[in-house]
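Each chain, written out:
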Amino acid sequence: MERLILSNLLELKNMHKSFGGVSAVNGCSFEVQQGNIVALIGPNGSGKTTIFNLISGILAADSGTIVLDNVNITDFSIDKRAKMGVSRLFQQSRLFPNLTVEENLLIAMDLRNFNLFSRLEASHEQTKKIIEILDLFELRKKLHVQAKTLSFGQRRLIEIARAYLLPHKILLLDEPLAGVTPRLRDEIAKFLIKLKEKSETIFIIEHDMNFVLNLADEIIVMDAGKIIADGTPNKIKNDKIVIEAYLGEL
Amino acid sequence: MIDGYFIHLLIIITIYVILALGLQLSVGFTGLLNLGHIAFYAIGAYSSALLAKAGLPFWFCIAVAGILPAMFAYFLSVATNKLKGDYLALTTLAFSFVVYALALNWAKLTNGSLGIPGIPRPQFFGIDFSSNSNFLILSLVIAVVTYFIIRMITLSPFGKTLEAIRDDEIAAKTLGKNTALAKSVSLITSSLFAGIAGSLFAYYLTYIDPSSFTFSNLIPILVIVIVGGLASLPGTIFATIIIVLLPEPLRFLGLPSSLIGPGRQMLYALFLLLILLYKPKGFYGKVDLE
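Caption draft 1: Structural detail: the overall build of chain B. Check the secondary structure of chain B and you find 12 helices and 2 strands. What you see in chain B, going N to C, is helices and strands ordered as α-α-α-α-α-β-β-α-α-α-α-α-α-α. When the backbone C-alpha atoms are referred to their principal axes, chain B occupies close to 55 × 40 × 35 Å. Within chain B, the proportion of its 290 residues that are buried is 48%. Here the contacts in chain B between residues at least 6 apart in sequence split such that 77% fall between residues at least 24 apart.

Caption draft 2: Geometry of the overall build of chain A. Check the secondary structure of chain A and you find 9 helices and 10 strands. Relative to the 2.2 N^0.38 estimate, which gives 18 Å for 250 residues, the radius of gyration of chain A is 18 Å and therefore close to what a compact globule would have. Taking the principal axes of the C-alpha coordinates as reference, chain A spans close to 55 × 40 × 40 Å. Among the 250 residues that make up chain A, the fraction classed as buried is 42%. If you take every contact in chain A between residues at least 6 apart in sequence, the share linking residues at least 24 apart comes to 67%.

Caption draft 3: Structural context of the nonpolar core. One finds A161 and V221 of chain A together with I18, L19, A42 and A197 of chain B to be the most contacted residues of the largest nonpolar core, which totals 155 residues. Sorting elements by how many residues they give to this core places helix 9 (residues 179-205) of chain B first, with 14 residues. Not counting chain neighbours up to four residues away, the residues in contact with V221 of chain A comprise I41, G42, I227, I228, A229, D230, I236, V242 and Y246 of chain A.

Caption draft 4: Structural detail: the interface of chain B and chain A. Listed as interface residues are 25 residues of chain B and, on the opposing side, 27 residues of chain A. When residues of the side of chain B that touches chain A are traced back to their parent elements, those giving at least two are helix 6 (132-155), helix 7 (157-167), helix 8 (169-174) and helix 9 of chain B. Of all the elements, helix 7 of chain B adds the most residues to the side of chain B that touches chain A, at 7 residues. A per-class count over the side of chain B that touches chain A returns 13 nonpolar, 5 polar and 7 charged.

Caption draft 5: Focus on the pairing of strand 2 (residues 22-33) of chain A. All names here are of chain A. Where strand 1 (residues 8-19) meets strand 2, 9 bridges bridge the pair, whose relative direction is antiparallel. Its bridge partner being in strand 2, M15 is matched across the sheet by C28. Here strand 1 folds back onto strand 2, and the loop between the two strands holds 2 residues, one of which, G20, carries a positive phi near 50°.

Caption draft 6: Representation of unusual backbone geometry in the model. Look at S199 of chain A: it is not a glycine, yet its phi comes out positive at around 60°. Position of S199 of chain A among the secondary structure elements: in the loop between helix 6 (182-197) and strand 8 (201-205). C-beta crowding within 10 Å serves as the criterion here: with 15 such atoms nearby, S199 of chain A is assigned to the partly exposed category. Located in the positive-phi region is A231 of chain B, a residue other than glycine, with phi close to 65°. Among the secondary structure elements, A231 of chain B is positioned in the loop between helix 10 (219-228) and helix 11 (233-245). Looking at A231 of chain B, the number of C-beta atoms within 10 Å reads 27, which means it is buried.

Caption draft 7: Representation of the confidence of the model for chain B in the model. Averaged over all residues, the pLDDT of chain B is 94; the fraction at 70 or higher stands at 99%. Taken together, the chains of this predicted complex give a pTM of 0.92 and an interface ipTM of 0.91.

Caption draft 8: Up close: the packing of helix 10 of chain B against helix 11 of chain B. Residues and elements named next belong to chain B. In contact at an axis separation of 8 Å, helix 10 and helix 11 are set at 130° when each is read in the N-to-C sense. Considering their axes alone, helix 10 and helix 11 lie oblique with respect to each other. Handedness of the helix 10/helix 11 crossing: right-handed. Only G235, T236, F238, A239, T240, I242 and I243 of helix 11 make contact with helix 10, whose side of the interface consists of P220, V223, I224, V225, V227 and G228.

Caption draft 9: The arrangement of the sheet that holds strand 1 of chain A in detail. Residue and element names in this part refer to chain A. Taken in spatial order, the 4 strands of this open sheet run 2-1-4-5, and their pairing is antiparallel. Of all the strands in the sheet, the pair left with one neighbour each is strand 2 and strand 5 (71-72). Along the sheet, helix 1 (residues 48-56) makes contact with strand 1, strand 2 and strand 4 (63-68), crossing strand 2 at roughly 65°.

Caption draft 10: Main features of the sheet that holds strand 6 (residues 86-89) of chain A. Residue and element names in this part refer to chain A. Pairing is mixed in the open sheet, where 6 strands are placed in the order 6-7-8-3-9-10. Either end of the sheet is taken by a strand with one partner, and the two such strands are strand 6 and strand 10 (226-231). Strand-to-strand, the axes of this sheet are offset by a mean angle of 15°, without reference to chain direction. Pairing geometry for strand 3 (residues 37-41) and strand 9 (residues 218-223), over 4 bridges, is parallel. By the bridge assignment for strand 9, A39 is matched with I219.

Each value, and the rule that gives it
Residues numbered from 1 in each chain as written. Chains lettered and ligands numbered in written order. Predicted model: local features only at pLDDT ≥ 70, side-chain atom pairs only at ≥ 80, totals over all residues. Helix = DSSP H or I, 4+ residues; strand = E, 2+ residues; numbered from the N terminus. Buried ≥ 20, exposed ≤ 12 C-beta atoms within 10 Å, placed from the backbone. Contact = placed C-beta atoms within 7 Å. Rg over C-alpha atoms; globule rule 2.2 N^0.38 Å. Core = buried A, V, L, I, M, F, W, Y, C linked by C-beta atoms within 7 Å. Nonpolar A, V, L, I, M, F, W, Y, C, P; charged D, E, K, R; others polar. Pairing = 2+ DSSP bridges. pLDDT = per-residue confidence, 0-100. Axes fitted to C-alpha atoms, helices over the stretch in contact; angles between N-to-C directions. Parallel < 35°, antiparallel > 145°, perpendicular 65-115°, else oblique. Left-handed = near helix turned anticlockwise from the far one by under 90°.

Here is the structure:
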């Protein structure tokens, strides 16, 4: 399928973030183009999740600029960034355990903060979207159960569904395949390939190199808080620095 | 005689239902460990008592008794917005001590420890609420309205946002929820109902003094929220009935009045321990106590 590159959707310019003198992100700059899938890889502790935390606003940058769709969002709050179109999947489960699966999904789809006078109920369109994605993950029968009763893998799938259903411009996926069974890995992989076909813009952290090499349009490699390489999967696969710093470990 | 006693208990139950439903919204649904609830109750009671004594009509007094604590709650929520758990509990607890100290020491306004006697019972639409049976109807109607308002809020998208904040505030923020504002609205609404309960309390007893608004008076309300189950409205009603009735047999044991108060607190503590041991989510709770 021919993919049309429109423009830079996300730009990070000269980002810095330190924790008590330890530099977690040290002068990182890169772009994510509209409709592209960009993978962020690197050894543990290289600063990948910090980059995601900076983009979603969970951490404030020491310096640097973040631009989303031509809007400088560097000083925006977490919720404002989400409303601007940043949707985030966390590495650890962050479902609302006491809400049902349906409520977890609906709360992401319903961006009205202060509607006190109607029930949280899915519209026909919302129900269709929810059922469609739950069917894809074979979880329709879990619609009305509390999220805390789900298995780890099921929680992961619902979290991916929730990140997808939040109206967004870019999906930040932090290790979507981590800790799930091979069957679930295939399901998640299939879903992400489907999103690629829909020209979704995805920024993904993942350690499964085969998966990343097959899925991503571009790969950014980090080590010790710095970007040490970036380019197409073929270029990265053969990059000596990357092989030494990261791929060589495998 | 017995009828009068039961009507008294039912009135206390309705007032406690309003108070506990308000606390359930901030503690059970939003996860804010709000120990300032008794202060909002006091502000409602005192404002209502002073206005009623100045001859102002019931509806005006009860409205002010709701709005004034809500305004205090707004300022408190702005000040405590970034605080969670123990720190929020300590700050709201400090607030309740400040309000108690004011009630006790601002004698020009509150008459200090002597309290405010002679609060007139409400009269409107040609109905005189001097009789307890009429007052029961009034407090019951307000309790039922409170229940349905809180229920509507908790089932709304906003209510689910509050539950999301209770479960994981950062995740709620990443879904575009303005959690600071939502917590503020929750605390304001919660205090509004505490103020209304305080107003009814003042009108019912026709006398208030600071001893009704000490921290130990918050204990049974907190116990109701825990025993009924966090985020459970039917549980709140059920637990209110139990907690109000639980210490009543002490009256008939012929104990000196100096022992009845501590005996009541001991009963609450014992009951709470048993619930935590055998029903850790309370009677109807769906949320784990953490």
